[in-house]
Amino acid sequence: MKRRDFLRNSVMVGASAALSLNFEGLEAALTSKTVKVETAPDLVAVMGGEPEAMLDKALEALGGIGKFVKQGQKVLIKPNIGWDRTPELAGNTNPQLISALIKRCLSAGASKVTVFDHTCDNWQKCYTSSGIEAAVKAAGGSILPGNDEQYYKKEIELPQGVTLKKAKIHDALAEADVWFNVPILKNHGGAKLSCAMKNYMGVVWDRRIFHSSDLQQCIADICTWTKKPVLNIVDAYRIMHQNGPQGKSAADVATVKSLIASTDIVATDVAALRFFNQVKKLDLNAVSHIGKGEALKLGTTDIDKLNIKRIKL
């Protein structure tokens, strides 16, 4: 595609939305002080392609899927499937991205790839409407529900947690050898931004303490669990810029065709916030779980000091 055509077509929004978003703005959000080097990047931002193509470019830049998945390992993929919404409404992770990641994991020799989420709406409707259940099965993965406490037998300790000190974790995640954190980037009424750190809430059974105590601190606390994702992959193909986390209509959605990947969960969310700010301004201090995560030594908010690789398709 010619550059002028890409710039003209890179952003599509709902019919009733009145958004203006330019590709140079998205690129500039992650270019301010980064330096091009040949070593493996700390963070990859891919823009302008379909989910599978962007995933492949990100994995290639990071050293290939074999860097994260070894022969015979059991893999868990944790997307956002929390809402009874179709992919076009951006309430859940893009099913094409999940399908592609499952295929890559199996090609690397994974013995099994499992997908689940602790949904907010009826789990069966969420799994169906999102397109994720069909995508998982077609790609050769297994999908499990997370709607019952029977799936959360393992209670983990969180000694670094400030407010949240323990939690029951889904068995599939506890038993996996490695796992991928694959959220969609969107607005959230309580947490302000839903991305990689916020996606952890879907792995625990009892989330009442999150909402009854300090939501932002609890989000940071759960991320201190010692079993970290081998990679955080942010689906920003479509982003919900308002009325999150479930949205109301296509007017809440902007199509920006982007993907962010990093092992640093704090840096991942900071980069995602910069992307989000091209559509709707949101101050880092408002998304305080990010800074709280840095205080707990989960990663850095100063991503201008990181080696960021930017790829345009």
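Structure: see above.
Note that the structure is predicted; figures quoted are calculated from it, not measured.

Draft legend 1. Spotlight on the packing of helix α10 (residues 265–276) against helix α11 (residues 288–295). The N-to-C vectors of α10 and α11 enclose an angle of 155°; their axes lie 9 Å apart at closest approach. The angle between the axes of α10 and α11 places the two elements in the roughly antiparallel class. As α10 packs across α11, the resulting crossing turns out to be left-handed. Across from V266, D269 and V270 in α10, the residues of α11 making contact are H289, I290, G293 and E294. A class-by-class count of the residues in the contact of α10 with α11 yields three nonpolar, two polar and two charged.

Draft legend 2. How the structure looks around the environment of L282. Examined against the element boundaries, L282 turns out to sit in the loop between α10 and α11. By relative accessible area, L282 is classed as buried at 18%. Separated by 95 residues in sequence, L282 and N187 place their C-alpha atoms 9.5 Å apart. Leaving out residues up to four positions away in the same chain, L282 has contacts with K192, L193, L273, F276, N277 and V287.

Draft legend 3. The pattern of salt bridges, seen in detail. In this structure the tally under the stated criterion is 10 salt bridges. The partner of K305 in a salt bridge is D302, with the nearest N and O atoms 3.5 Å apart. Residue classification places D302 among the partly exposed positions, given a relative accessible area of 30%. Taken together, the salt bridges that share partners define one network made up of E52, D56 and R104.

Draft legend 4. Representation of helix α3 (residues 51–62) within the structure. A rise of 1.5 Å per residue sets the reference length of α3, with its 12 residues, at 16 Å; its end C-alpha atoms lie 17 Å apart and thus fit the reference within 8%. Of all the residues in α3, the buried ones are P51, M54, L55, A58, L59, A61 and L62. Seen end-on, α3 carries its buried residues on one side only, within an arc spanning 160°. Buried-residue contacts for α3 involve β2 (43–47), α4 (95–107), β11 (231–240), β12 (253–262) and β13 (308–312). At the C-terminal side of α3, G63 shows a positive phi close to 115°.

Draft legend 5. The arrangement of the environment of N181 in detail. You can see N181 is positioned in strand β8 (residues 178–182). Separated by 49 residues in sequence, N181 and V230 place their C-alpha atoms 8.0 Å apart. What N181 contacts, discounting residues up to four positions off in sequence, is K78, A196, N199, Y200, P229, L231, N232, I233 and I265. Within the local environment of N181, its side chain forms a polar contact with the side chain of N199, the two groups lying 2.7 Å apart.

Draft legend 6. Summary view of the packing of aromatic side chains. In this structure the tally under the stated criterion is four aromatic pairs. Relative to W205, the ring of Y152 lies with its centre 5.4 Å away and its plane at 45°, an arrangement referred to as tilted. In this pair, Y152 is assigned in the loop between β5 (142–143) and β6 (154–157) and W205 in the loop between β10 (192–194) and α8 (208–212), connecting sequence segments 53 residues apart. Residue classification places Y152 among the buried positions, given a relative accessible area of 1%. Between the aromatic rings of W179 and Y200, the centroid separation amounts to 5.3 Å while the plane-to-plane angle is 75°, which identifies the pairing as edge-to-face. Of the two residues, W179 is situated in strand β8 and Y200 in the loop between β10 and α8; the sequence distance between them amounts to 21 residues. Both residues of the pair, W179 and Y200, belong to the buried class.

Draft legend 7. Fine view of the side chain of S258. Structurally, the position occupied by S258 is in strand β12. At 3.0 Å, the side chain of S258 and the backbone oxygen of V256 are in polar contact.

Draft legend 8. Structural view of the nonpolar core. If you look at the biggest cluster of nonpolar residues, it comprises 97 residues, and the most contacted ones within it are V69, I77, F180, L185, I222 and I233. At nine residues, α10 tops the list of elements feeding residues into this core. Not counting residues within four places of it along the chain, the set of residues in contact with I222 comprises I156, L158, L164, A167, I169, Y200, V204 and F210.

Draft legend 9. View of the packing of helix α9 (residues 215–222) against α11. Remark: α9 packs on α11, axes separated minimally by 8 Å, with the N-to-C direction vectors making an angle of 45°. In terms of their interaxial angle, α9 and α11 are classed as oblique. Every pair of crossing elements has a handedness; the one defined by α9 and α11 is right-handed. Across the interface between the two elements, Q216, Q217, I219 and A220 of α9 pack against S288, H289, K292 and G293 of α11. Partitioning the contact of α9 with α11 into residue classes produces two nonpolar, five polar and one charged.

Draft legend 10. Quick look at the pairing of strand β7 (residues 166–169). Of the two faces of β7, the one holding A167 and I169 is buried and the one holding K166 and K168 is not buried anywhere. Sheet topology places β6 next to β7; four bridges connect them, and they run antiparallel. Following the sheet pairing, I156 is matched in β7 by A167.

Rules of the game
- Residues numbered from 1 in each chain as written.
- Predicted model: local features only at pLDDT ≥ 70, side-chain atom pairs only at ≥ 80, totals over all residues.
- Heavy atoms only, no water.
- Axes fitted to C-alpha atoms, helices over the stretch in contact; angles between N-to-C directions.
- Helix = DSSP H or I, 4+ residues; strand = E, 2+ residues; numbered from the N terminus.
- Parallel < 35°, antiparallel > 145°, perpendicular 65-115°, else oblique.
- Left-handed = near helix turned anticlockwise from the far one by under 90°.
- Contact = heavy atoms within 4.5 Å.
- Nonpolar A, V, L, I, M, F, W, Y, C, P; charged D, E, K, R; others polar.
- Buried < 20%, exposed > 50% of the residue type's maximum accessible area, 1.4 Å probe, protein only.
- Salt bridge = Lys/Arg side-chain N within 4 Å of Asp/Glu carboxyl O.
- Expected span 1.5 Å × (residues − 1).
- Arc of directions from axis to C-beta.
- Polar contact = N/O pair within 3.5 Å; in protein donor to acceptor, adjacent residues only side chain to side chain.
- Phe/Tyr/Trp six-rings, centres within 6.5 Å; stacked < 30°, edge-to-face > 60°.
- Core = buried A, V, L, I, M, F, W, Y, C linked by side-chain atoms within 4.5 Å.
- Pairing = 2+ DSSP bridges.

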